[in-house]
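# Structure assessment
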Amino acid sequence: MKSNDSNTTEAFEMMLTKSPAEEHYVLRLYVTGMTPRSTEAFATIKAICDERLQGRYELEVIDIYQHPQLAIDEQIIAVPTLVKKLPAPLRRLVGDLSNEDRVLLGLDLRRKP
Amino acid sequence: MTNTNQQTEIAELRLRLEEAEETIRAIRSGAVDAFVVEVPDGARVYTLETADRPYRLLVEEMQQGALTLSDDGTIAYCNRRFADLVGRPLERLLGVAFRAFIPLDARTDYESLLQQGRAGLSHGESHVQNADGTLVPVFLTLNALPPDSGAAVGLLVTDLTAQRHHEKLNALLEALKESDLRKNEFLAMLSHELRSPLAPITNALQLLGLEQANENPTQQQARGIIERQMGQLQHLIDVLLEVSRITTGRVQLHRERLVVSDIVLGAVETVRPLIEELRHELTVSLPPEPIWLYADAARLEQVLVNLLTNAAKYTDDGGRIWLTVERANGKASGGRQSPEEIGEHAPTGKLGGLTPPARLEEVIIRVRDTGVGISSALLPHIFDLFTQAERSLDRSQGGLGIGLALVQRLTELHGGTVEAHSAYGEGSQFIVRLPIESDEARVSGIRRGGLAAGSSPVTSTPPHSTAPVASAIPLKTPLASATPLRVLVVDDNVDTAETLGMLLCATGHDVRTAHDGLAALEAALDYLPSVAVLDIGLPGLNGYEVAKRIRQDPVLKHIVLIALTGYGQELDHETSLQAGFDHHLVKPARFAQLQQILATVSVSGRALATGAMTSKQTQKPAASAVPLMRPTTLEVVP
């Protein structure tokens, strides 16, 4: 029993530390075509995903010119906006997404200082 | 629990508030490109200048004219490129009907394009008129725009001027190629046709030569002139034929293993009369041991003869010419080891291990002179066909600009290279590099052992021989009477047949002539000759056909068949062999050659032959067990 107890504790601790590393990320980046801001945002997010979320993320880029209704449904007000749909909670990041620290924070990939 | 729920709710609200604040901050600081606004029938995107700019740039900077047209066909928007295309200021174009730029005769087509474009998509070629009056060929692409876009049709105008230019150039290129091909065909035909009358003239000259004892001085002088000019004419025609072979890629090599120095000395012998006539001093340096090549002896000699002849012709009288032959490593080897070093250090039999397989040995043949040299303008084109130095008035070098082109083609056919080094007034040097036959290269490399190769060149000074200039027509050949034979001469050129007949009669033979294939067969049956000289290009039955029928006939099959033809290609030799010919002579053949063949023929036909030669033919004469002669192939090499 004792060993069982310690196993459970270990499993719990593992879940606590490991769980963020194994969660699946679903991200949507809303942009307006090929502005410098949107290309920079895409580059930053792509780099972070490849480095930190390799193999467990989906990133869609949506041009609101081409899909304005999608933007309404997602309650987008201004672009560029990055929406973290999963893992919960849902988060929206608006504006300058070229700042890597800001994006990391918004994606809960770095503990707040 | 309620407490926990409330705390979660508060955290959620805080997050939303943070988001809202963040959004406002982003908008205030100008960090956004566009807003999405909900309208009754959906969504609308309001963009800021930053978002529009890339599209604007794309459209303004693109190399096509881009326009939008209103429903009535007037210009609602156009980019700068279109303004440039029609040569008008941008501000004068909006509101103008696009058809105003289409020339009158093309407007109907344009209107129908516009009609289709409004409905969906259309495209076609047209013209737009520039303000300076020029018509610019264009390709128009029209497509319908969405109803709320403020314009009816999008229009792309692509300038076709450059494309048209390329098309024109390509058409010109095709026409040039075609005319070049025709010219080559014409040359081939011309040289062939020019050869035909040479045969009877040569024969007639030889006939006159038989009577030289009875000639008065005027006749003798006149005959001499005709003889010399005939030789010149024949040479020119041979050169023409050679050109047509080069341009049509029909030069074929008959390669064999040979020693370079043999070829060099042969070439020197050929040009010696010219060199002596111009009082040049020729120095030939050869390596002490033989260098083997796998090459066509006649063609390689031709290369050297051409280079030496050029050196002689373009050097003032009493100049100096050097011909040097040496062995060298090819470009493939980058090592320090020279073949000499290998030869010195490698014990016999271990050379293969020391020599990398990529190493290529080659022979370098240099022909250098103290002549006028080649101007820098001419030098890059020196190996082009029909290129030659300008002829000065006082000194005619002659020639057709073929020699060096031939040198290059023949060297390349041998897997070698040729280069020219010169400056005007400073003499010229031509360097021919040829690959050494690899097996032989090793064998002779071993053989040279400790010899310091190249250190003791053999210097040959021209001996004062009085050898006459080689004439294309050896009229001095004694026309000794042979065993009298019955000879059938068949040629559709009556003069050729008759003059050859007369010559044969004059040398003691009995002759009958015929001028077409069927007549030849009839004459053969009636006359039963021991030899038949057949032209190939005969009317009715051609020469091959006549030969085949003669071979199939039990009475006629022992006749010695000699093909005499203007077609000098390899294929023809093979074909005539297969048709049953014993010998193949190329027009204009030397009468002496024909005499030599006749001397081997016995009265009964194909019986007397030299035992050393064997024939590929399976057909054997019934009356004799003596092996057949291999067909003799003769060809005049200019």
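Everything below is about the structure shown above.
Given the structure is predicted, the values throughout are model-derived calculations rather than measurements. (Residues numbered from 1 in each chain as written. Chains lettered and ligands numbered in written order. Predicted model: local features only at pLDDT ≥ 70, side-chain atom pairs only at ≥ 80, totals over all residues. Heavy atoms only, no water.)

### Re the overall build of chain B
Secondary structure assignment for chain B yields 17 helices and 19 strands. Relative to its full complement of 638 residues, chain B shows a buried share of 43%. Within chain B, counting contacts between residues at least 6 apart in sequence, those at least 24 apart form 66% of the total. Carbon together with sulfur atoms contributes 55% to the accessible area of chain B, which is approximately 33,700 Å² in total. (Helix = DSSP H or I, 4+ residues; strand = E, 2+ residues; numbered from the N terminus. Buried < 20%, exposed > 50% of the residue type's maximum accessible area, 1.4 Å probe, protein only. Contact = heavy atoms within 4.5 Å. Areas by Shrake-Rupley, 256 points an atom, 1.4 Å probe, with all protein chains shown as cover.)

### With respect to the overall build of chain A
Scanning chain A from terminus to terminus reveals 4 helices and 5 strands. Mapped from its N terminus to its C terminus, chain A presents α and β elements in the order α-β-α-β-α-β-β-β-α. When the 113 residues of chain A are sorted by exposure, 40% land in the buried category. Across chain A, every contact between residues at least 6 apart in sequence was considered, and the portion connecting residues at least 24 apart equals 62%. Surface summary for chain A: the accessible area is close to 6,700 Å², and the carbon and sulfur share equals 55%.

### Description of the interface of chain A and chain B
The interface of chain A with chain B comprises 27 residues on the first partner and 25 residues on the second. Interface of chain A and chain B: buried area, both sides summed, is about 2,200 Å²; carbon and sulfur atoms make up 59% of it. For the chain A face of the interface with chain B, the top three residues by lost area are Met-34, Arg-37 and Tyr-65 of chain A, together amounting to 24%. Applying the counting rule to chain A against chain B returns 4 salt bridges. Salt-bridge contacts for Arg-102 of chain A lead to Glu-22 of chain B; the nearest nitrogen and oxygen are separated by 3.4 Å. (Buried area = accessible area lost by both parts, 1.4 Å probe. Salt bridge = Lys/Arg side-chain N within 4 Å of Asp/Glu carboxyl O.)

### Describing helix α14 (residues 517–527) of chain B
Since one α-helical turn is 3.6 residues long, residues separated by three or four positions face the same way. Residues and elements named next belong to chain B. Among all positions in α14, only Gly-517, Ala-520, Leu-521, Ala-523, Ala-524 and Tyr-527 are buried. Buried residues of α14, viewed axially, fall in a sector of 165°; they line one side. Exposed residues pointing more than 90 degrees away from the buried face of α14 are listed as Glu-522 and Asp-526. Contacts made by the buried residues of α14 are with β15 (486–490), β16 (510–514) and α15 (543–552). At the N-terminal boundary of α14, the capping side chain belongs to Asp-516, with an oxygen 3.1 Å from the backbone nitrogen of Leu-518. Looking one or two residues past α14, Leu-528 carries a phi angle of roughly 50°, positive in sign. (Arc of directions from axis to C-beta. Polar contact = N/O pair within 3.5 Å; in protein donor to acceptor, adjacent residues only side chain to side chain.)

### Quick word on the layout of surface pockets
Any empty space left between atoms is shown by rolling a water-sized probe over those atoms. Space inside the second largest pocket adds up to approximately 890 Å³. Surrounding the second largest pocket, 25 residues form its lining, Tyr-65 of chain A together with Asp-52, Tyr-55, Val-59 and Ser-149 of chain B being those nearest its centre. Of all elements in the fold, only β2 (42–47), α2 (49–61), β3 (65–69), β6 (135–144) and β7 (153–159) of chain B reach the threshold of two or more residues within the lining of the second largest pocket. At 5 residues, the largest contribution of residues to the lining of the second largest pocket is made by α2 of chain B. (1 Å grid on protein atoms, 1.4 Å probe; cavity = no way out; pocket = protein on both sides within 12 Å on 5 of 7 lines; lining within 4 Å. Points joined across faces, edges and corners; volume = space filled by probe spheres on them.)

### Side note on the environment of Gly-249 of chain B
Relative to the helices and strands, Gly-249 of chain B resides in the loop between α6 (217–247) and β8 (256–259). When the C-alpha atoms of Gly-249 of chain B and Arg-409 of chain B are compared, they prove to be 9.5 Å apart, with 160 residues separating the residues in sequence.

### A word on the sheet that holds β2 of chain B
Taken in spatial order, the 3 strands line up as β3(A)-β1(B)-β2(B) in an open sheet, and their pairing is antiparallel. Because the sheet does not close on itself, it has two edges, and the strands there are β3 (78–79) of chain A together with β2 of chain B. Across 6 bridges, the pairing between strand β1 (residues 34–39) of chain B and β2 of chain B is antiparallel. Bridge pairing in β2 of chain B places Phe-35 of chain B opposite Tyr-46 of chain B. (Pairing = 2+ DSSP bridges.)

### Considering the packing of aromatic side chains
Residue and element names in this part refer to chain B. Summed over the entire model, instances satisfying the criterion amount to 6 aromatic pairs over all chains. With centroids separated by 6.2 Å and ring planes inclined at 85°, the aromatic side chains of Phe-383 and Phe-430 adopt a geometry described as edge-to-face. With Phe-383 in the loop between β12 (361–369) and α11 (403–413) and Phe-430 in strand β14 (residues 428–435), the pair connects residues that are 47 residues apart, well separated along the chain. Exposure remark for Phe-383: the relative accessible area of 11% places this residue in the buried category. Taking relative accessible area as the criterion, Phe-430 reaches 6% and is therefore assigned buried. One aromatic cluster is present, formed by Phe-82, Phe-98, Phe-101 and Tyr-110 through successive ring pairs. Over the aromatic face of Trp-322 sits the side chain of Arg-368, whose NZ or CZ is 4.2 Å from the ring centroid. In this structure, Arg-486 packs its charged tip against the face of Tyr-527, placed 4.4 Å from the ring centre. (Phe/Tyr/Trp six-rings, centres within 6.5 Å; stacked < 30°, edge-to-face > 60°. Lys NZ or Arg CZ within 6 Å of the ring centre and 35° of its normal.)

### Here's the deal with the sheet that holds strand β17 (residues 531–535) of chain B
Whenever strands of a sheet pair, they do so through backbone hydrogen bonds, lying parallel or antiparallel. Residue and element names in this part refer to chain B. Pairing within the open sheet is parallel, and its 5 strands lie in the order β16-β15-β17-β18-β19. The open sheet is flanked by β16 and β19 (583–586), the only strands paired with a single partner. Here the strands of the sheet are splayed against their neighbours by 20° on average, with no regard to which way each runs. Strand direction decides the pairing type here: β15 and β16, joined by 5 bridges, are parallel. Paired with Leu-488 across the bridge in β16 is Arg-512. Packing of helix α13 (residues 494–506) onto the sheet brings it into contact with β15, β16, β17 and β18 (560–565), and relative to β16 it is tilted by some 175°. Each of β17 and β18 touches α15; the most contacted strand, β17, lies at about 155° to it. (Axes fitted to C-alpha atoms, helices over the stretch in contact; angles between N-to-C directions.)

### Looking at a nonpolar patch on the surface
Residue and element names in this part refer to chain B. Nonpolar side chains collect at one region of the surface, where Leu-169, Leu-172 and Leu-176 lie side by side and expose about 300 Å² of accessible area between them. When you line up the elements, Leu-176 lands in helix α5 (residues 161–210). Taking relative accessible area as the criterion, Leu-176 reaches 53% and is therefore assigned exposed. (Patch = residues over 30% accessible without salt bridge, like charges linked within 9 Å, V, L, I, M, F, W, Y side chains within 5 Å.)

### Here's the deal with α11 of chain B
All names here are of chain B. Every buried residue of α11 is listed here: Leu-404, Ala-405, Leu-406, Val-407, Gln-408, Leu-410 and Thr-411. Close packing links the buried residues of α11 with α6, α8 (297–313), β13 (417–422) and β14. After α11 finishes, the residue Gly-415 shows a positive phi value of roughly 80°.

### Considering the side chain of Thr-81 of chain A
Residue and element names in this part refer to chain A. With respect to the helices and strands, Thr-81 occurs in strand β4 (residues 81–86). Of note is the side chain of Thr-81, whose polar atom sits 2.4 Å from the backbone oxygen of Ala-78. Beyond its immediate stretch of four places on either side in the chain, Thr-81 contacts Arg-28, Leu-29, Tyr-30, Ile-76, Arg-92, Leu-93, Val-94 and Leu-97.

### With respect to the packing of α5 of chain B against α6 of chain B
Two quantities define a packed helix pair, namely the angle between the helix axes and the distance between the axes. Residues and elements named next belong to chain B. Where α5 meets α6, the axes come as close as 9 Å, and the angle between the chain directions of the two elements is 155°. Of the possible angle classes, the one that applies to α5 and α6 is roughly antiparallel. Note that α5 runs across α6; the crossing there is left-handed. Its residues assigned to classes, the contact of α5 with α6 comprises 15 nonpolar, 8 polar and 4 charged. (Parallel < 35°, antiparallel > 145°, perpendicular 65-115°, else oblique. Left-handed = near helix turned anticlockwise from the far one by under 90°. Nonpolar A, V, L, I, M, F, W, Y, C, P; charged D, E, K, R; others polar.)

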